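Structure at a glance
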Amino acid sequence: MEENKKQQQFLVLSVSELTSSSSTSLFAKTEPVFARFGLESGSTELRFGPDTDSSDVIVFNLPTCQLFKVGPAESLCISEASEANKEKTYSRGISIQFRNEEESRTFHCAFEQWKKEVVVQECPLINGAVSTSKSKFDDKIEASSAKMYFHYYGQLLHQQNMLQDFVRTGTYYSAVIENRADFLGRVVVDVGAGSGILSLFAAQVIKGKVEDVELPEKADILISEPMGTLLVNERMLESYVIARDRFLVQNGKMFPGVGRIHMAPFSDEFLYMEIANKATFWQQQNYFGVDLTALHGSAYQGYFSQPVVDAFDPRLLVAPAVSHVINFSSVKEEDLYEIDIPLRFLSTVSTRIHGLACWFDVLFNGSTVQRWLTTAPGAPTTHWYQLRCVLPQPLYVMPGQEITGRLHLVAHKAQSYTIYLTLSALVGDMLQTSSVKLDLKEPYYRMSQPQAYSSAQDQQPNQLLQTQDMQFPSRDEDGSVLMQPPSPTSGLELHSL
């Protein structure tokens, strides 16, 4: 292939004229045949001929012709007839034989780009090209946030952190290897490749956002790690869904294909006092002669607006968890802009509730083996840990008491979500309600804090309860489902967004 600013040239094996009964070679087999894209008088053309000086050429006007792949190394180029014809027909068709499949894919990419009047100045990607127009990603994400995001994940130390998460990396590896029948001979797209660990065996990697990239053919499988804290942080799930709509064949597989957010109320006096005490600095009335107390309320609210990311003891949970399921194969991108989850629990102990604990898992639903990747408390710790939303005002509950509420997630342009949490419990005739607003973008990372729990807490019977030991319905009236153990042999009832 040769190219300059106004021309792009490919060497092809042969070009044959299509007729009603057969195909006839247009050029002598002893001389090389070239396909040339170029700009002539402001319009894009595709010319076929032996060399640039030859008058024996076939010319197609790109805006009015179509290219079809009929084999790994064979394509048809069809030119529309003039619109002056009363009955629309096709004026000419040729068969193009390439030397190999790779050159065929490269030619198809160039064809699409030239039809859009995009002149590629560098070598085109073999299996894709990137649009230069402003993308949907740019419209919904702040430029500063996107710059920081790509800079962060562009550093090897952060890629190493994820690669050394052996639960995460090992689960992906097992899901692929144990379901090799799903991958052999298939077209696989790795969305958000990062270090490329999931696509190292692929011939090429396309660089660009999925909102911009063009592919010459559909993928049989999408594989990605689109999960952030609380499953949805960083908003990569939206890119995963966009990739599904743009690139995946009908009934194609997604690894992972299902995600579940699990939620349960918790009691943790140590954590609550730790956060509340951070604001005591602002209670000083004479700090170098300055009264800071006017800012105490804002500081107190600010500390509680940070979701806590750490690995906690599952015995702190005071009720069986409920789950919100997102089916990646059917969820719409717009459904991820705002997620509303009704909450209903039954307390198992008499205690103070300090907030809502959250974690997630995802399913790799292979044809041979189903694999779950879980971030649950008590399971091997991952780099996602767990997340807790701490209420500024705890609630008092008794055993068997109903706890209701709502978890409302609203996406924002900093590639994250604003969290609105409300929990309520009725004590006698008095309804207790506590609410908090948190920014998922600004968590409090508490992983290095010592996990010290008193003997009194250890003796409380508020273990992580298995729902099969309790008589609860599998789905409540609002559509939330109780957590089932992530067993590959158990059936999974999906509740799509």
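Heads up: these notes are all about the structure in this document. (Residues numbered from 1 in each chain as written. Predicted model: local features only at pLDDT ≥ 70, side-chain atom pairs only at ≥ 80, totals over all residues. Heavy atoms only, no water.)

1. Focus on the sheet that holds strand β19 (residues 338–346)
- Spatially, β19-β23-β24-β25 is the arrangement adopted by the four strands of the open sheet, whose pairing is antiparallel. Strands at the two margins of the open sheet, each flanked by one partner only, are β19 and β25 (430–439). When strand polarity is set aside, the average angle formed by the axes of neighbouring strands in this sheet is 15 degrees.
- Note that strand β24 (residues 416–427) and β25 share ten bridges and pair antiparallel. Bridge pairing links threonine 418 to aspartate 439 in β25. (Pairing = 2+ DSSP bridges. Helix = DSSP H or I, 4+ residues; strand = E, 2+ residues; numbered from the N terminus. Axes fitted to C-alpha atoms, helices over the stretch in contact; angles between N-to-C directions.)

2. Concerning the pairing of strand β23 (residues 402–412)
- For β19 and β23, the ladder comprises nine bridges, and the chain directions are antiparallel. Across the sheet, residue aspartate 340 finds its bridge partner in β23, namely histidine 408.
- Of the pairings in the sheet, the one linking β23 to β24 comprises ten bridges and is antiparallel in character. Of the residues in β24, the one forming a bridge with threonine 404 is serine 424.
- Connecting β23 to the next strand, β24, in antiparallel fashion are three residues, including glutamine 415 with a positive phi near 65 degrees.

3. Topic: unusual backbone geometry
- The amide bond that connects phenylalanine 255 to the next residue, proline 256, takes the cis arrangement and shows omega of 0 degrees.
- When you line up the elements, proline 256 lands in the loop between β15 (248–255) and β16 (258–266).
- You will see that leucine 230, though not glycine, has its phi angle at about 60 degrees, which is positive.
- For leucine 230, the location among the structural elements is in the loop between β14 (219–224) and α7 (236–247).
- Of note in the backbone geometry, asparagine 251 takes a positive phi value of approximately 65 degrees without being a glycine.
- Structurally, asparagine 251 can be placed in strand β15.
- Since its relative accessible area comes to 75%, asparagine 251 is described here as exposed. (Buried < 20%, exposed > 50% of the residue type's maximum accessible area, 1.4 Å probe, protein only.)

4. So, the sheet that holds strand β12 (residues 188–191)
- Pairing is parallel in the open sheet, where three strands are placed in the order β12-β14-β15. The open sheet is flanked by β12 and β15, the only strands paired with a single partner. Direction aside, the axes of adjacent strands within the sheet are offset by 25 degrees on average.
- Two elements, β12 and β14, share four bridges in a ladder whose sense is parallel. Considered in β14, the bridge of valine 189 is made with leucine 222.
- Contacts between α7 and the sheet are confined to β12, β14 and β15, with β15 contributing the most and set at about 145 degrees to the helix. (Contact = heavy atoms within 4.5 Å.)

5. Structural notes on the pattern of salt bridges
- Evaluated as defined, the whole model comprises 15 salt bridges.
- For arginine 388, the salt bridge identified is with aspartate 310, shortest N-O distance 2.8 Å. Of this pair, arginine 388 sits in strand β22 (residues 386–397) while aspartate 310 sits in strand β17 (residues 308–310), placing them 78 residues apart in sequence. Like arginine 388, the residue aspartate 310 is buried in the burial classification.
- Put simply, Asp268, Glu274, Asp310, Arg388 and Arg446 are held in one network by salt bridges that share partners. (Salt bridge = Lys/Arg side-chain N within 4 Å of Asp/Glu carboxyl O.)

6. Observations concerning the side chain of threonine 169
- One can find threonine 169 in helix α5 (residues 166–177).
- A distance of 3.2 Å separates a polar atom in the side chain of threonine 169 from a polar atom in the side chain of arginine 168.
- The residues contacting threonine 169, other than those within four sequence positions of it, are Met162 and Leu163. (Polar contact = N/O pair within 3.5 Å; in protein donor to acceptor, adjacent residues only side chain to side chain.)

7. Remarks on the packing of aromatic side chains
- Evaluation of the coordinates by the stated rule reveals 16 aromatic pairs.
- With a centroid separation of 5.0 Å and 90 degrees between ring planes, the pair formed by tyrosine 287 and phenylalanine 288 is classed as edge-to-face.
- Exposure remark for phenylalanine 288: the relative accessible area of 77% places this residue in the exposed category.
- Taken together, the ring pairs in this structure connect Phe10, Phe37, Phe98, Phe107, Phe111 and Trp114 into an aromatic cluster.
- Sitting over the face of the ring of tyrosine 444, lysine 278 holds its NZ or CZ atom 3.4 Å from the ring centroid.
- Sitting above the plane of the tyrosine 272 ring, arginine 352 keeps its charged end 5.7 Å from the centroid. (Phe/Tyr/Trp six-rings, centres within 6.5 Å; stacked < 30°, edge-to-face > 60°. Lys NZ or Arg CZ within 6 Å of the ring centre and 35° of its normal.)

Shape descriptors only; they carry no functional weight alone.
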